[in-house]
Amino acid sequence: MILRVLGCSGGEAEGDRLTGLLVNGTVAIDAGCLTMALKIPEQVAIRHIFLSHSHLDHICTLPFYTKNIFGHIDVPVEIHALPETLDALRRHLFNDELWPDFSVIPSPDAPIIRYSEIEPGRVYEVEGLRITAIPVNHLVPTVGYLVEDDHSAFVFTSDTAETDAIYEAANRAKHLDLFITEASFPNEQAWLAEASKHLTPAKLAKEMKKLKRDVPVAVYHLTPGDKPRMLPELEALQHPRLSLLEQDSVFRF
Ligand SMILES: [Zn+2]
Ligand SMILES: [Zn+2]
């Protein structure tokens, strides 16, 4: 499996938060920076997009993406997400006000994107991968994903406060090569993390105790302006296999 972390700007800007992963070139997990990170042929090669939730930092390039691939694809790109997430896309984004409704353009029978509701816990087999959505604990309905093939796997928790099921899934998985999770605010903003259902480094340390697999842990979603404060707090955890999820990095399992 080849996992590419999609970066969008480098440096200190939104790149640590605009979230996107690309698996084997054809399956994207979240769409926070598809159009910034990928050339047009790479965008056209994507066949499935699995969204974790409706927050903008995870979906914001979808409109430009639909426009970019228009005229280049014969089969609609499947957008897999919870019913609530798809409903948010329909009502607030592809609503013919903020952006045209590409789920019926150029025609309802042959649109650019097709919505596909996911059921947590069910295994979806696409492009040689097995993908399982697992509910996590965030402000809006949100799932993380276990992504597996025959000999490798990774977990992406997406945005979440304290949660259990996805750790249980990671512990149960036949293979596990990487665990990606979040830390959004510095320790002194624990109140903000609680209010917005995210983690601080201290909260992440407690979560890590649930992970019984000895695998690398990659952390994303640091608030850009707070990164200088958070890096020492993450280092202080002294977790031997914890690092930042670097933009534009590529994992080969
Ligand atoms: Zn979120
Ligand atoms: Zn987010």
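Given the structure is predicted, the values throughout are model-derived calculations rather than measurements.

Chemist: Before we move on, can you summarise the coordination of the zinc ion (ligand 2) with the specific residues and values?
Modeler: At the metal site, the zinc ion (ligand 2) is ligated by Asp57 (OD), His58 (NE2), Asp159 (OD) and His221 (NE2), and these contacts range over 2.0 to 2.1 Å. Because the angles between the four donor atoms bound to the zinc ion (ligand 2) fall within 88 to 159°, the donor set is best described as irregular. We note that the donor set of the zinc ion (ligand 2) lies within a single chain, spaced as D-H-x100-D-x61-H. A gap of 3.6 Å separates the zinc ion (ligand 2) and the zinc ion (ligand 1), which aspartate 159 links by coordinating each metal. Pair noted here: aspartate 159 is in the loop between strand E10 (153–156) and helix H6 (165–172) and histidine 221 is in the loop between strand E12 (217–220) and helix H9 (227–235), with a separation of 62 residues, a long-range link. For aspartate 159, a relative accessible area of 1% corresponds to the buried category.

Chemist: Tell me about the sheet that holds strand E7 (residues 123–126), residues and numbers included.
Modeler: Sheet architecture is open: seven strands sit in the order E7-E8-E9-E10-E11-E12-E13, paired in mixed fashion. If you trace the sheet from one side to the other, it starts and ends with E7 and strand E13 (242–244), each paired once. Shown here is a sheet whose adjacent strand axes are inclined to one another by a mean of 20°, direction ignored. In this structure, strand E8 (residues 129–135) lies alongside strand E9 (residues 143–148), joined through six bridges in antiparallel fashion. Bridge pairing in E9 links alanine 133 to tyrosine 145. Its contacts with the sheet place helix H8 (residues 201–208) against strand E11 (178–182), E12 and E13, and it is angled at close to 145° to E11.

Chemist: Let's hear about the pattern of salt bridges: which residues, and what values?
Modeler: Enumeration over the complete set of coordinates arrives at 11 salt bridges. For aspartate 150, the salt bridge identified is with arginine 130, shortest N-O distance 3.2 Å. Taken together, the positions of aspartate 150 in the loop between E9 and E10 and arginine 130 in strand E8 put the pair 20 residues apart, joining distant regions of the chain. The class for aspartate 150 is exposed, based on a relative accessible area of 61%. Given a relative accessible area of 26%, arginine 130 falls into the partly exposed group. Note that lysine 210 is salt-bridged to aspartate 164, the shortest N-O span being 3.0 Å. Of this pair, lysine 210 sits in the loop between H8 and E12 while aspartate 164 sits in the loop between E10 and H6, and the two are 46 residues apart along the sequence. Exposure remark for lysine 210: the relative accessible area of 25% places this residue in the partly exposed category. Each of Glu162, Glu194 and Lys203 takes part in one network of salt bridges that share partners.

Chemist: An account of the coordination of the zinc ion (ligand 1) is requested, with residue identities and associated values reported.
Modeler: The protein atoms that coordinate the zinc ion (ligand 1) are His53 (NE2), His55 (ND1), His138 (NE2) and Asp159 (OD), at distances spanning 2.2 to 2.4 Å. For the zinc ion (ligand 1), the four donor atoms in the first shell make angles of 92 to 164° at the metal, so the coordination geometry reads as irregular. Within one chain, the residues serving as donors to the zinc ion (ligand 1) are arranged as H-x1-H-x82-H-x20-D.

Chemist: Before we move on, can you summarise the pairing of E7 with the specific residues and values?
Modeler: Of the two faces of E7, the one lined by Tyr124 and Val126 is fully buried and the one lined by Val123 and Glu125 carries no buried residue. Pairing of E7 with E8 involves four bridges; the strand directions are antiparallel. Each bridged residue has a counterpart across the sheet, and for glutamate 125 the counterpart in E8 is arginine 130. Linking E7 to E8, which pair antiparallel, is a turn of two residues; within it glutamate 127 sits at a positive phi near 50°.

Chemist: Provide a residue-level description of the nonpolar core, including the pertinent values.
Modeler: Among the nonpolar cores identified, the biggest contains 30 residues, and Leu34, Ile49, Leu51, Leu62, Ile79 and Leu89 are the most heavily contacted of them. For this core, the secondary structure elements donating two or more residues are helix H1 (34–37), helix H4 (62–69), strand E5 (77–81), helix H5 (83–93) and strand E6 (113–117).

Chemist: Pulling in residues and values, what's your account of the environment of cysteine 33?
Modeler: Considering the arrangement of structural elements, one finds cysteine 33 in the loop between strand E3 (27–29) and H1. On the basis of relative accessible area, cysteine 33 is assigned to the buried category, the value being 0%. In contact with cysteine 33, other than residues within four places in its own chain, are Leu6, Gly7, Cys8, Leu18, Thr19, Gly20 and Thr61.

Chemist: If you had to explain unusual backbone geometry to someone new, which residues and values would you point to?
Modeler: In this model, isoleucine 105 is joined to proline 106 through a cis peptide bond whose omega is 5°. The phi dihedral of aspartate 30 is positive, around 65°, even though this residue is not glycine. Mapping aspartate 30 onto the fold places it in the loop between E3 and H1. Although it is not a glycine, serine 158 sits at a positive phi angle of roughly 60°. Relative to the assigned elements, serine 158 resides in the loop between E10 and H6.

What counts as what
Residues numbered from 1 in each chain as written. Chains lettered and ligands numbered in written order. Predicted model: local features only at pLDDT ≥ 70, side-chain atom pairs only at ≥ 80, totals over all residues. Heavy atoms only, no water. Donors = N, O, S within 2.8 Å, 3.2 Å for Na, K, Ca; no water. Tetrahedral: all angles 85-135°; square planar, octahedral: opposite > 155°, others 65-115°. Helix = DSSP H or I, 4+ residues; strand = E, 2+ residues; numbered from the N terminus. Buried < 20%, exposed > 50% of the residue type's maximum accessible area, 1.4 Å probe, protein only. Pairing = 2+ DSSP bridges. Axes fitted to C-alpha atoms, helices over the stretch in contact; angles between N-to-C directions. Contact = heavy atoms within 4.5 Å. Salt bridge = Lys/Arg side-chain N within 4 Å of Asp/Glu carboxyl O. Core = buried A, V, L, I, M, F, W, Y, C linked by side-chain atoms within 4.5 Å.

Geometric descriptors of this kind do not, in isolation, establish any biological role.
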